[in-house]
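Residue-level listing of the chains:
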Amino acid sequence: MPEYKPAYKRILLKLSGEALMGDDAFGINRATIVRMVEEIAEITRMGVEVAVVIGGGNIFRGVAGGSVGMDRATADYMGMLATVMNALALGDTMDKAGLTARVMSAIAIERVVEPYVRPKALQYLEEGKVVIFAAGTGNPFFTTDTAAALRGAEIGAEIVLKATKVDGVYSADPKKDPNATRYTSITFDEAMGKNLEVMDATAFALCRDQKLPLKVFSIFKHGALKRVVMGEDEGTLVHV
């Protein structure tokens, strides 16, 4: 029996595409993705069921200039395909690290990845596999933050973990204001009232309405994911 019991049994981890870049200008930094997978592997060994929603900014940013003036829906579909590429890279890295990963896409590309089917996703999680949700919600005009809130609610996750470059939600931009303070916890209504940019409005409202707590933390702090899962004071908890 482990000495400490995780605070959560099933989590939804939201990774931005930019998080995979490391210090690179775009694309996927190999050392960065390997380190992230090691941290995910550590919590799966503790018995935590992990689902991941991944963004595509690291790839789409490189072609975003060409999307200027493009139809918004077309540009969004390009972004969805970028998330599929990231999901495949993440899944492959997990497999090489000894994890069993399953990539499920919200848009149909069966020759590459399997389609998202909720009962199948739940089965994979119960079997101890890591499920990676690609292609956002499958619809334009919705961000991968919204996909994270949606999938988190669908799979019955106890919490959505939003991995960012900043170690929580601050009263002001900590890069611009040296007096900015980190909130240990804050309610959804307080965050909205203070206009704190935690997630986009649709994702935020969905989490609030489903009473699905949200934890914002830095994926670049070594061991932060494990500390969050153990219920320690890491990042900022946003709750009802």
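Before reading further, recall that the structure is shown in the block above.
Reading guide: rules and limits
Residues numbered from 1 in each chain as written. Predicted model: local features only at pLDDT ≥ 70, side-chain atom pairs only at ≥ 80, totals over all residues. Heavy atoms only, no water. Helix = DSSP H or I, 4+ residues; strand = E, 2+ residues; numbered from the N terminus. Rg over C-alpha atoms; globule rule 2.2 N^0.38 Å. Buried < 20%, exposed > 50% of the residue type's maximum accessible area, 1.4 Å probe, protein only. Contact = heavy atoms within 4.5 Å. Areas by Shrake-Rupley, 256 points an atom, 1.4 Å probe, with all protein chains shown as cover. Lys, Arg positive; Asp, Glu negative; His and termini not counted. Charge placed at Lys NZ, Arg CZ, Asp CG, Glu CD. Core = buried A, V, L, I, M, F, W, Y, C linked by side-chain atoms within 4.5 Å. Phe/Tyr/Trp six-rings, centres within 6.5 Å; stacked < 30°, edge-to-face > 60°. Expected span 1.5 Å × (residues − 1). Polar contact = N/O pair within 3.5 Å; in protein donor to acceptor, adjacent residues only side chain to side chain. Pairing = 2+ DSSP bridges.

**Student:** How would you explain the overall build of the protein if you had to name every residue and give the values?
**Tutor:** A count of helical and extended segments in the protein gives eight helices and nine strands. For 240 residues, the compact-globule estimate of 2.2 N^0.38 gives 18 Å, and the protein sits close to it at 17 Å. With respect to the three principal axes, the spread of C-alpha positions in the protein is 50 × 45 × 35 Å. Classification of the 240 residues of the protein by burial places 51% in the buried group. Within the protein, contacts between residues separated by at least 24 positions form 73% of all contacts whose residues are at least 6 apart in sequence. Approximately 11500 Å² of the protein is accessible, and the part contributed by carbon and sulfur atoms is 52%. Between the mean site of the 28 positive side-chain charges and the mean site of the 30 negative ones, the protein shows a separation of 2 Å.

**Student:** Tell me about the nonpolar core, and please be specific about residues and values.
**Tutor:** Nonpolar side chains tend toward joint burial in soluble globular proteins. If you look at the biggest cluster of nonpolar residues, it comprises 40 residues, and the most contacted ones within it are M94 and I132. Apart from residues no more than four positions distant in its own chain, I132 is found in contact with V52, I54, A87, L90, G91, M94, A101, R102, V103 and M104. Membership of the second largest hydrophobic core comes to 32 residues, among which are V131, I155, M199 and L214.

**Student:** Give a detailed account of the packing of aromatic side chains, specifying residues and quantitative values.
**Tutor:** Following the criterion strictly, the structure yields two aromatic pairs and no others. Both rings, one in Y116 and one in F133, keep their centres 5.3 Å apart while their planes meet at 90 degrees; by these two values the pair is edge-to-face. One end of the pair, Y116, is in the loop between strand 4 (114-115) and helix 4 (118-126); the other, F133, is in strand 5 (residues 130-134), and 17 residues separate them in sequence. Neither Y116 nor F133 differs from the other in exposure class; each is buried. Ring plane angle 70 degrees and centroid distance 5.0 Å describe the contact between F188 and F204, whose orientation is recorded as edge-to-face. One end of the pair, F188, is in helix 6 (residues 188-193); the other, F204, is in helix 7 (residues 201-209), and 16 residues separate them in sequence. Take F188 and F204: they sit in the same class, and that class is buried.

**Student:** So what's going on with helix 1 (residues 30-44)? Which residues, and what values?
**Tutor:** Between its first and last C-alpha, helix 1 extends 21 Å over 15 residues, near the 21 Å set by a 1.5 Å rise per residue. Buried residues along helix 1 sit against strand 1 (10-15), strand 2 (49-54), helix 3 (72-96), strand 5 and helix 8 (224-229). The backbone nitrogen of A31 lies 3.2 Å from a side-chain oxygen of the residue at the head of helix 1, namely N29.

**Student:** Please set out helix 5 (residues 144-154) residue by residue, giving values where relevant.
**Tutor:** Along helix 5, eight of the eleven residues are buried, which leaves the element largely enclosed by surrounding structure. Of all the residues in helix 5, the buried ones are T144, D145, T146, A147, A148, A149, R151 and G152. Against the buried residues of helix 5 lie strand 1, strand 2, helix 3, strand 5, strand 6 (159-164) and helix 7. Sitting at the head of helix 5, T143 places a side-chain oxygen 3.2 Å from the backbone nitrogen of D145. G156, located one to two residues past helix 5, shows a positive phi value of around 70 degrees.

**Student:** Lay out the pairing of strand 3 (residues 101-105) in plain terms, naming residues and giving numbers.
**Tutor:** With respect to burial, strand 3 is a largely interior element, four of its five residues being buried. Where strand 3 and strand 5 come together, five bridges link them in parallel fashion. The residue of strand 5 that forms the bridge with R102 is V131.

Function cannot be inferred from these measures alone, as they are strictly geometric.
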